[in-house]
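The residues making up each chain are set out below.
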Amino acid sequence: MLIRIVKLTFKPENIASFESIFESSKHTILGFSGCTFLELYQDIKCPNVFFTYSHWEDELYLEAYRNSNFFKDVWQNTKALFSDKPEAWSVNKLQSSKDF
């Protein structure tokens, strides 16, 4: 399983627009083959900073999603709202509290 974490920093006046984009996109993202989990987080101290957290069966599924027309359209609309460059990490889970 691959975990994808993306940090998104928006202009404060664009927060509501991003939340609307995410709300209208989340079910479609979860409907992509290989996507098994999706969450959205908002920083407590910097409310214009968000993180998406998603689980993918493997990198091939994530890449298929990233190459889709759906992603390209959503990303085009989302990146127009940024105040800073996005950051992304693909990670493997090594341990979980469920394993302790």
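Source: prediction; values computed, not measured.

### So, helix H3 (residues 69-79)
Consideration 1: Buried within H3 are the following residues: Phe71, Val74 and Thr78. Viewed along the axis of H3, the buried residues span an arc of 70°, placing them on a single side of the element. Those residues of H3 that are exposed and aimed more than 90 degrees away from the buried face are Asn69 and Asp73.
Consideration 2: Contacts made by the buried residues of H3 are with helix H1 (15-31) and helix H2 (59-66).

### Some remarks on the nonpolar core
Consideration 1: Counting 19 residues, the largest nonpolar core has Leu8, Phe10, Phe18, Trp56 and Tyr65 as its most contacted members.
Consideration 2: Contributing elements (two or more residues each) for this core: strand E1 (2-9), H1, strand E2 (35-42), strand E3 (49-56), H2 and H3.
Consideration 3: A total of five residues in this core trace back to one element, the largest contributor, which is H1.
Consideration 4: The residues touching Phe10, leaving out its near neighbours within four places in the chain, are Phe18, Asn48, Phe50, Thr78, Leu81, Phe82 and Ser83.

### Comments concerning the sheet that holds strand E4 (residues 87-91)
Pairing between the strands of a sheet comes from backbone hydrogen bonds, and it takes one of two forms, parallel or antiparallel.
Consideration 1: Judged by pairing direction, the sheet is antiparallel, and its four strands sit side by side in the order E2-E3-E1-E4 without closing on themselves. Looking at which strands have only one partner, the edges of the open sheet turn out to be E2 and E4. Direction aside, the axes of adjacent strands within the sheet are offset by 15° on average.
Consideration 2: One ladder, built from eight bridges, connects E1 with E3; its direction is antiparallel. Of the residues in E3, the one forming a bridge with Arg4 is Ser54.
Consideration 3: On top of the sheet, H1 reaches E1, E2 and E3; it is set at about 165° to E2, its chief contact.
Consideration 4: Set on the sheet, H2 makes contact with E1, E3 and E4; between it and E1 the angle comes to about 35°.

Definitions and cut-offs
- Residues numbered from 1 in each chain as written.
- Predicted model: local features only at pLDDT ≥ 70, side-chain atom pairs only at ≥ 80, totals over all residues.
- Heavy atoms only, no water.
- Buried < 20%, exposed > 50% of the residue type's maximum accessible area, 1.4 Å probe, protein only.
- Helix = DSSP H or I, 4+ residues; strand = E, 2+ residues; numbered from the N terminus.
- Arc of directions from axis to C-beta.
- Contact = heavy atoms within 4.5 Å.
- Core = buried A, V, L, I, M, F, W, Y, C linked by side-chain atoms within 4.5 Å.
- Pairing = 2+ DSSP bridges.
- Axes fitted to C-alpha atoms, helices over the stretch in contact; angles between N-to-C directions.

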